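Chain by chain, the residues:
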Protein chains: 2
Amino acid sequence: MNKIRIGIVGYGNLGRGTELAIRQNPDTELSCVFTRRNPSDLKILTEGVPVYSISDIAEHKNDVDVLILCGGSATDLPVQGPQLAEMFCTIDSFDTHAKIPQYFAAVDEAAKKGGNVSIISVGWDPGMFSIMRLYGNCVLPDGKDYTFWGKGISQGHSDAIRRVEGVKDGKQYTIPVEAAVEAVRSGADPELTTRQKHLRECFVVAEEGADLERIENEIKNMPNYFADYDTIVHFISQEELDRDHSGIPHGGFVIRSGKTGENRETSHIVEYNIKLGSNPEFTSSILVAYARAAYRLSKEGVCGAKTVFDIAPAYLSAKSGDELRASML
Amino acid sequence: MNKIRIGIVGYGNLGRGTELAIRQNPDTELSCVFTRRNPSDLKILTEGVPVYSISDIAEHKNDVDVLILCGGSATDLPVQGPQLAEMFCTIDSFDTHAKIPQYFAAVDEAAKKGGNVSIISVGWDPGMFSIMRLYGNCVLPDGKDYTFWGKGISQGHSDAIRRVEGVKDGKQYTIPVEAAVEAVRSGADPELTTRQKHLRECFVVAEEGADLERIENEIKNMPNYFADYDTIVHFISQEELDRDHSGIPHGGFVIRSGKTGENRETSHIVEYNIKLGSNPEFTSSILVAYARAAYRLSKEGVCGAKTVFDIAPAYLSAKSGDELRASML
């Protein structure tokens, strides 16, 4: 059997995670990596796999079955997504929830023009969590949704801390409030404010002689990022930050609380929860599974943009329908 | 918009649950109920909906878009499933795991002959739990699966108790062993024996003068059902059984424990868990969501047998792709 040839665009945490995930899926192989850096400066983990400049990507159209876009949602994907969908089947993890409809439309147009399948917004949220919200809503139509994130590192909030004057380095953990999670699990259907759902815990390395009180206040009162939350700020040394906070763990919960019966007298709780040792390694494992789906759909003649909602679970697996029914149903 | 006209075959707990679930899905309506009993003896909850004899079902081919088969897997479905799939789009909850491949083949042949879509083995296990096993395996290919059932009433084990001489009535709860669940959640990847995973707790009403010690021994040593488990037997009165154990709660967990990284150094835990106030009401809510999928697939010209693995999540929802992407992704 021919392996599915996967190309990676962008070799940061997510790109490296994708390279590792490909090794765990024997029906896939890494074909090449595309980078904005000077290709000869980039050392990847896999021996013998070429690294190309992203500006030469059109020349490698025939080397790749599915391209996994590992850039960011703020500036990379809005440009790359539609551009590359015209040339390749693509998978991306576009996660700016509010802009998904317009991003979908742009990618859909390009993918249809090129006759390719592009699955957007793949990962765990959007992604697996979205699927769980959808299943929850469909099997318990009379109910409430709850999504909690963490405990885990938020890149955006860590960046925000580091922009505060006098801050040398810092990391921020998003932490679900235990009491809120327990109230939801109990079936109490609480109405929860932003503050009641998540805590924010910051580990901050200050520059020498900086005014710690001012830094703490500035963080805690930062609009959008921290002002609506209970925020804890710890000042620690760079050594401590590097030693204790260099991982990229994450996690979270999607809970659907629903009622059935003649008079809503029966309660049900459905919960999906994840505890991830590494956010990018888990996300990229999902990207590779959806690359398989894109490849298979494309072989069937399908084209256009898709999301995880449009992909039947069986398409993610290398096993046949017979095998799946016999072993996993 | 025309509503999806659903017919129910068999009016036990699952049939009644389906009738209630239809009320929660405004794009569906109950068209009719088919029974083996004398139709005039059957009083259903919904005013004005006809009850027909199952022997007349062929006459009502045009009254129904999707038929939900609410019979049992032991004797009803193996006959009804293939027979009715030739005449109707069908949904069933066939749950004899070992016989799924042959059941699928029989239904597939009939559904293709009739040009219908039949989704088999819908519910929570097989069903939602199967989907979670599949997603878990695909997104974490290097890992281990764990499925726990309960706490909940097992119909088969309750029946087995009631067949013991001197037993007047009884109910059996399957209970996951807390320590085993915690060990799995911790990422310890334990090897668990049958006995280590589940407890069985029995509430037994004995006939007057029966030898309780013999009954207890006979239950605890019953092969297949109890001998491989730690089993607790309580003798209680019929009043206590009726008062405290008349519900049909259930639940369970599917946990995928997986490794990623260059040397499997990163651990992830993905867990799906459900706590159900009523097993048949939850199961039937799932059946109705999949009836919507069968209806839509059939309108697209698809035919043949399907399982939950073959159905893209979006097909379960009455919302459009645009709506789903904007609200749930």
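This text goes with the structure placed above it.
Remember, predicted model here, so these are calculated numbers, not experimental data.

Caption draft 1: Structural view of the overall build of chain A. Along its length, chain A carries 11 helices and 14 strands. Looking at chain A as a whole, 57% of its 329 residues qualify as buried. Counting only contacts in chain A whose residues sit at least 6 apart along the sequence, the fraction spanning at least 24 positions is 68%. Taken as a whole, chain A presents about 13,700 Å² of accessible surface, with 47% of it coming from carbon and sulfur.

Caption draft 2: Representation of the state of the cysteines. In this structure the tally under the stated criterion is 0 disulfides over all chains. Cysteine Cys 89 of chain A is unpaired, with the sulfur of Cys 303 of chain A as its nearest cysteine sulfur at 9.3 Å. The cysteine Cys 70 of chain B is free of any disulfide, with Cys 32 of chain B supplying the nearest cysteine sulfur at 12 Å. A relative accessible area of 11% means that Cys 70 of chain B is categorised as buried.

Caption draft 3: Fine view of the sheet that holds strand β9 (residues 167–176) of chain B. Residue and element names in this part refer to chain B. One open sheet accounts for 4 strands, arranged β8-β9-β10-β11; its pairing is mixed. Taken across any chain shown, the strands that pair with only one partner, and hence form the sheet edges, are β8 (152–153) and β11 (230–235). When β9 meets strand β10 (residues 198–206), the two strands line up antiparallel, connected through 9 bridges. Within β10, the position partnered with Ile 175 by the bridge is Leu 199. On the sheet, helix α5 (residues 155–162) packs against β8, β9 and β10 and is oriented at approximately 145° with respect to β9. Along the sheet, helix α8 (residues 212–220) makes contact with β9, β10 and β11, crossing β11 at roughly 150°.

Caption draft 4: Representation of the packing of helix α4 (residues 128–139) of chain A against helix α10 (residues 279–299) of chain B in the model. Remark: α4 of chain A packs on α10 of chain B, axes separated minimally by 8 Å, with the N-to-C direction vectors making an angle of 105°. In terms of orientation, α4 of chain A lies roughly perpendicular with respect to α10 of chain B. Of the residues in α10 of chain B, those touching α4 of chain A at Tyr 135, Cys 138 and Val 139 of chain A are Phe 282, Ser 285, Ile 286, Ala 289 and Tyr 290 of chain B.

Caption draft 5: Up close: the side chain of Arg 133 of chain B. Of note, Arg 133 of chain B is situated in helix α4 (residues 128–139). For Arg 133 of chain B, a relative accessible area of 10% corresponds to the buried category. When sequence neighbours within four positions are dropped, the list of residues in contact with Arg 133 of chain B reads Met 328 and Leu 329 of chain A together with His 97, Asp 125, Asp 145, Thr 147 and Val 254 of chain B.

Caption draft 6: Highlighting the sheet that holds strand β5 (residues 89–92) of chain B. All names here are of chain B. On the basis of which strands lie adjacent, the open sheet formed by 7 strands has the order β3-β2-β1-β4-β5-β6-β14 and parallel pairing. Edge positions in the sheet fall to β3 (51–53) and β14 (304–306), since each of these pairs with one other strand and no more. Across the sheet, the mean angle separating the axes of adjacent strands is 25° when strand polarity is ignored. Bridging between strand β1 (residues 4–9) and strand β2 (residues 28–35) involves 6 bridges; their strand directions are parallel. Paired with Ile 6 across the two strands is Leu 30, which belongs to β2.

Caption draft 7: Seen up close, the interface of chain B and chain A. Listed per partner, the contact involves 64 residues of chain B and 64 residues of chain A. Buried surface at the junction of chain B and chain A, summed over both partners, amounts to about 5,600 Å²; 65% is from carbon and sulfur atoms. At the junction of chain B with chain A, the criterion picks out 0 salt bridges. Secondary structure elements with two or more residues in the side of chain B that touches chain A: α1 (13–23), α3 (100–114), α4, β12 (250–260), β13 (266–276), α10 and α11 (321–327) of chain B. Inspection of the sheet shows strand β13 (residues 266–276) of chain A paired to β13 of chain B by 9 bridges, in the antiparallel sense.

Caption draft 8: The arrangement of the pairing of β1 of chain B in detail. Residues and elements named next belong to chain B. Counting buried positions over the 6 residues of β1 gives 5, a clear majority of the element. For the crossover from β1 across α1 to β2, the handedness is right-handed. Examined bridge by bridge, β1 and strand β4 (residues 66–69) share 4 bridges and lie parallel to one another. For Ile 8, the partnering residue across the bridge sits in β4 and is Ile 68.

Caption draft 9: A look at the nonpolar core. Ranked by internal contacts, the top residues of the largest apolar core, which has 154 residues, are Ile 91, Tyr 272 and Tyr 290 of chain A together with Ile 91, Tyr 272 and Tyr 290 of chain B. Residues in contact with Tyr 290 of chain B, not counting those within four places in the same chain, are Tyr 135 of chain A together with Ile 91, Ile 119, Val 122, Ile 131, Val 308, Ile 311 and Leu 316 of chain B.

Caption draft 10: Up close: the pairing of β4 of chain B. All names here are of chain B. The side-chain alternation of β4 yields two buried faces, one formed by Val 66 and Ile 68 and the other by Leu 67 and Leu 69. As paired elements, β4 and β5 share 4 bridges and run parallel to each other. Note that in β5 the partner of Ile 68 across the bridge is Ile 91. In this region the chain leaves β4, passes through helix α2 (residues 76–85) and returns to the parallel neighbour β5; the handedness of that crossover is right-handed.

Caption draft 11: Structural view of the relation of the copies chain B and chain A. If you rotate chain B by 180° and push it 0.0 Å along the axis, it lands on chain A with an RMSD of 0.0 Å. Both copies of the chain, as the preceding transformation shows, are related through a two-fold rotation axis. Of every C-alpha in chain B, the one belonging to Ala 312 of chain B sits nearest the axis of rotation, 1.8 Å from it. The fraction of interface residues of chain B whose copies in chain A are also interface residues reaches 100%, indicating that both copies meet through the same surface.

Caption draft 12: Region of interest: the environment of Asn 224 of chain B. Here Asn 224 of chain B lies in the loop between α8 and β11. In this structure the C-alpha to C-alpha distance between Asn 224 of chain B and Glu 300 of chain B, which are 76 residues apart in sequence, comes to 45 Å.

Caption draft 13: Main features of α1 of chain B. All names here are of chain B. In terms of burial, α1 is a largely internal element, 8 of the 11 residues being buried. Every buried residue belonging to α1 is among Leu 14, Gly 15, Gly 17, Thr 18, Glu 19, Leu 20, Ala 21 and Ile 22, and all of these are buried. Of the surrounding secondary structure, the elements contacted by the buried residues of α1 are β1, β2, β4 and α10.

Reading the values: the criteria
- Residues numbered from 1 in each chain as written.
- Chains lettered and ligands numbered in written order.
- Predicted model: local features only at pLDDT ≥ 70, side-chain atom pairs only at ≥ 80, totals over all residues.
- Heavy atoms only, no water.
- Helix = DSSP H or I, 4+ residues; strand = E, 2+ residues; numbered from the N terminus.
- Buried < 20%, exposed > 50% of the residue type's maximum accessible area, 1.4 Å probe, protein only.
- Contact = heavy atoms within 4.5 Å.
- Areas by Shrake-Rupley, 256 points an atom, 1.4 Å probe, with all protein chains shown as cover.
- Disulfide = S-S within 2.5 Å.
- Pairing = 2+ DSSP bridges.
- Axes fitted to C-alpha atoms, helices over the stretch in contact; angles between N-to-C directions.
- Parallel < 35°, antiparallel > 145°, perpendicular 65-115°, else oblique.
- Buried area = accessible area lost by both parts, 1.4 Å probe.
- Salt bridge = Lys/Arg side-chain N within 4 Å of Asp/Glu carboxyl O.
- Right-handed = clockwise from strand over helix to strand, strands pointing away.
- Core = buried A, V, L, I, M, F, W, Y, C linked by side-chain atoms within 4.5 Å.
- Least-squares fit on C-alpha atoms with pLDDT ≥ 70 in both.

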